[in-house]
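The lines below spell out each chain.
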Amino acid sequence: MHDETIAIHGGYQADATRAVAVPIYQTVANDFIDADHANAIMDLAIPGFHYNRINNPTNDVLEKRLAALEGGTAALVVASGMAAVSYAILTVAVAGSNFVAAPQLYGATYTYFAHVLPTLGIEARFAVDDRAESIAALIDGKTCCVFVESVGNPAGNVVDLEAVAAVAHGAGVPFIVDNTVATPLMLKPIRHGADVVVHSLTKFVGGHGTTLGGAIIDGGTFPWAQHDDRFPGFTRPEVAFHDVVFARDFPERAFVVRARSIQLRNTGATLSPFGAFQLLQGLETLSVRLERHESNARAVAAYLAGDPRVDWVNFPGFEDNPYHHLVERYLKGRVPSILTFGVSGGYAAGLAFFDALGLFKRLLNLGDAKSLAIHPASTTHRQLSESELIAVGIRPEAIRLSIGLEHIDDLIDDIDQALAIAVA
Ligand SMILES: Cc1ncc(COP(=O)(O)O)c(C=O)c1O
């Protein structure tokens, strides 16, 4: 089936009630039939639900739908995108591991990598840029994965996934891709060599600014058994889960089963079933929303680029953007509705523009039906030093816009009046 159809129907078969909407299974636990049934479920020998920190029937539909859209073998949904990022790293890393990341990252991801994981003995190595050669230079025998955002937030860089996958696999490590900004409707990283995909579902997938959520999707591609020394958590009996050997017992979905059984089960960043329901609602309309997001974003980007009150516009949809060839190759010419730009007059003028916006909401989110603006240097990336800001691709004066679904004339009018105030 096509993506538009999977996004509406994937993973759901009505029960005897024939409910057309996915029911919200608001329950903490599920009744075992008898002791044998309990044992089989606890051993993961048969599918089924037991305690809803770990799995839930509403969440299960969302997981199956996301796995189908990404072309993966299984998925795990969690309470936020940051929970997904953190669980993905902690599923492969141990104290003493390092991992290599492209530097263009969402602010909290960068902070978590640079300043939190090192306190657990896990070293994040940031490449000087997102090129495969730069990433390759930092991989060594203790590297447990390579991590990139397919389209960086807010840098708007587009990573050459196949080149980076080749480098990661050549070194025997899995490739983890945060596909939040592109969504699986624009880009499917597993087709281009990713082994694991993570998402903040809070953004375009939910799409209405109501619900936090995250996901991990397993490509089922990484040959854990060939890398016993590097990934004993996959190839040897797991004492934290009654001696399951994840790569042997679940070869098609070892990553997600391990993430669920070790991270989610023990630390509990569980998505509520009501949250899963809201995210399923969003997913149903994602394909049509993305079309309007994109056409509005192209119009706003063109307007800004043609306005003398604007110094620069960073939008991968422009033909002269350095990432344009990768947009053609990986996004099939489509672009997410995120752009950054600099108001003429620099930092102070940028903040004056931000303050003068009327229709655009000033807030910390993206991918909402509403148009949003933020000044990353003072908000999403506030924890970063000036040199870290440059490394992750953010100019101090940059304003990031996430273009929503309103009428384009109203968006342009708001930008025009804010520019008039900022650049007097
Ligand atoms: C690319 C990316 N990854 C992860 C996250 C974290 O997601 P959440 O806010 O759902 O925790 C964000 C949030 O903006 C993001 O943009």
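Remember, it's a predicted structure, so these values are computed and weren't measured experimentally.

### Some thoughts on the overall build of the protein
So, step 1. Along the protein, the regular secondary structure elements total 15 helices and 12 strands.
So, step 2. Relative to the 2.2 N^0.38 estimate, which gives 22 Å for 424 residues, the radius of gyration of the protein is 22 Å and therefore close to what a compact globule would have.
So, step 3. For the protein, the spread of C-alpha atoms along the three principal axes comes to 75 × 55 × 35 Å.
So, step 4. Summarising the internal contacts of the protein: among those between residues at least 6 apart in sequence, 73% fall at separations of at least 24.

### Topic: the environment of S378
So, step 1. Tracing the backbone shows S378 in the loop between β11 (372-374) and α14 (386-391).
So, step 2. A tally of 13 C-beta atoms within 10 Å means that S378 is categorised as partly exposed.
So, step 3. Taking the C-alpha atoms as reference points, S378 and L359, separated by 19 residues in sequence, lie 21 Å from one another.

### Focus: the sheet that holds strand β4 (residues 143-149)
So, step 1. Strand order in the open sheet formed by 7 strands is β1-β7-β6-β5-β4-β2-β3, with mixed pairing between adjacent strands. The open sheet has two free edges, formed respectively by β1 (74-78) and β3 (123-126), since each of these has just one partner strand. Averaged over neighbouring strand pairs, the angle between their axes works out to 20° when direction is ignored.
So, step 2. Here β4 pairs with strand β5 (residues 175-178) via 4 bridges, running parallel. Paired with F147 across the two strands is I176, which belongs to β5.
So, step 3. Along the sheet face, helix α7 (residues 161-170) touches β4 and β5 and points at about 150° away from the line of β5.

### Here we look at the site of the ligand
So, step 1. As a structural note, the neighbourhood of the ligand is formed by 16 residues, with S80, G81, Y106, S200 and T202 the closest of them.
So, step 2. Looking at the shell around the ligand, the elements with two or more residues in it are α4 (81-92) and α5 (107-116).
So, step 3. In terms of residue count, α4 provides more of the shell around the ligand than any other element does, 3 residues in total.
So, step 4. Among the residues forming the shell around the ligand, the class breakdown is 6 nonpolar, 8 polar and 2 charged.

### Observations regarding the pairing of strand β9 (residues 338-343)
So, step 1. Buried residues dominate β9, accounting for 6 of its 6 residues.
So, step 2. Of the two faces of β9, the one carrying I338, T340 and G342 and the one carrying L339, F341 and V343 are both buried.
So, step 3. Pairing geometry for strand β8 (residues 310-314) and β9, over 4 bridges, is antiparallel. If you follow W312 over to β9, its bridge partner there is G342.
So, step 4. The pairing of β9 with strand β12 (residues 399-402) spans 4 bridges and is antiparallel. Counted as the bridge partner of F341 is I399 from β12.

### Re the domain arrangement of the protein
So, step 1. Here the protein is described as being made up of domain 1 (33-274) and domain 2 (286-422).
So, step 2. Facing 31 residues of domain 1, the contacting portion of domain 2 comprises 33 residues.
So, step 3. At 3 residues, the largest contribution of residues to the side of domain 1 that touches domain 2 is made by α5.
So, step 4. Of the residues in the side of domain 1 that touches domain 2, the class split is 16 nonpolar, 13 polar and 2 charged.

### Observations concerning unusual backbone geometry
So, step 1. Cis geometry marks the peptide bond from N153 to P154; its omega dihedral reads 5°.
So, step 2. Note that P154 resides in the loop between β4 and α7.
So, step 3. Unlike most non-glycine residues, R18 shows phi in positive territory, near 60°.
So, step 4. Its location among the elements puts R18 in the loop between α1 (3-9) and α2 (35-42).
So, step 5. The backbone phi angle of D243 is positive, close to 60°, even though this residue is not glycine.
So, step 6. For D243, the position within the fold is in the loop between α8 (232-235) and α9 (246-249).
So, step 7. A residue is classified by how many C-beta atoms lie within 10 Å of it, and D243, with 10 of them, is exposed.

Rules behind the numbers
Residues numbered from 1 in each chain as written. Predicted model: local features only at pLDDT ≥ 70, side-chain atom pairs only at ≥ 80, totals over all residues. Helix = DSSP H or I, 4+ residues; strand = E, 2+ residues; numbered from the N terminus. Rg over C-alpha atoms; globule rule 2.2 N^0.38 Å. Contact = placed C-beta atoms within 7 Å. Buried ≥ 20, exposed ≤ 12 C-beta atoms within 10 Å, placed from the backbone. Pairing = 2+ DSSP bridges. Axes fitted to C-alpha atoms, helices over the stretch in contact; angles between N-to-C directions. Near = placed C-beta within 6 Å. Nonpolar A, V, L, I, M, F, W, Y, C, P; charged D, E, K, R; others polar. Domains from an automatic or database assignment.

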